[in-house]
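# Descriptive analysis of the structure
Below are the chains, spelled out letter by letter.
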Amino acid sequence: MLKLHNAAPVSRVYVDFDYYVPVTITWDSYYKAAVPPISVVATGNDILVEFSQDPEKESINQITLVTTGKADVDDVSALPSFYVPGVAVCFDKYSDEDGCSDLHVLAHGDCIDIRLSDQDVSSWTGSWPVLFGCNEIGEVLHIVVAWDKEGRTTAVEGILPR
């Protein structure tokens, strides 16, 4: 499970939407890291999400939605209206030995929602356009990425069956 750790605003978040790899989120720390990142993968429901972690600082510096399985696509507006700024995230004993059975991807009109768990979200935090839905103890349940019409079109074309 991902857990927020020392959440704080960052200088820059880069988001790339792609036909083949739907979403890549990269923080400045990815480019500034002194050592190569360690990758940890969450899998379930034909979905693969890769988390790249700086082994020295123990913070995530890149999240990549590699495959989406059978993602649901709709035109609903689903961005949370209130969130607290902050985006530093680190692992807290993450394990994917049995897979992540609750992993699901929803492509909405204004965002893509990567659901790591079906638990109820108690708070939202992040730095636009990336928001994290967390439970009471800071575990990340949702990763929501806002997109414009062009980004949505590019990613959804890759998500929909060919």
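Now for a description of the structure that goes with this document. (Residues numbered from 1 in each chain as written. Predicted model: local features only at pLDDT ≥ 70, side-chain atom pairs only at ≥ 80, totals over all residues. Heavy atoms only, no water.)

### Some details on the sheet that holds strand β6 (residues 59-68)
Strand order in this open sheet of 5 strands is β2-β3-β6-β5-β4, and the pairing throughout is antiparallel. In the strand order of this sheet, the two ends are held by β2 (13-17) and β4 (38-44), each with one partner. The average undirected angle you get between the axes of adjacent strands in this sheet is 15°. Across 4 bridges, the pairing between strand β3 (residues 23-27) and β6 is antiparallel. Within β6, the residue paired with threonine 26 across the bridge is glutamine 62. (Pairing = 2+ DSSP bridges. Helix = DSSP H or I, 4+ residues; strand = E, 2+ residues; numbered from the N terminus. Axes fitted to C-alpha atoms, helices over the stretch in contact; angles between N-to-C directions.)

### Overview of the packing of aromatic side chains
Throughout the structure, instances matching the rule amount to 6 aromatic pairs. Centre to centre, the rings of tryptophan 27 and phenylalanine 132 are 6.5 Å apart; their planes meet at 15°, and the pair counts as stacked. Residue tryptophan 27 is located in strand β3, and its partner phenylalanine 132 is located in strand β13 (residues 130-134); the two are separated by 105 residues in the primary sequence. Take tryptophan 27 and phenylalanine 132: they sit in the same class, and that class is buried. Taken together, the ring pairs connect Tyr14, Tyr30 and Tyr31 into an aromatic cluster. (Phe/Tyr/Trp six-rings, centres within 6.5 Å; stacked < 30°, edge-to-face > 60°. Buried < 20%, exposed > 50% of the residue type's maximum accessible area, 1.4 Å probe, protein only.)

By themselves, these observations are geometric and do not establish any function.
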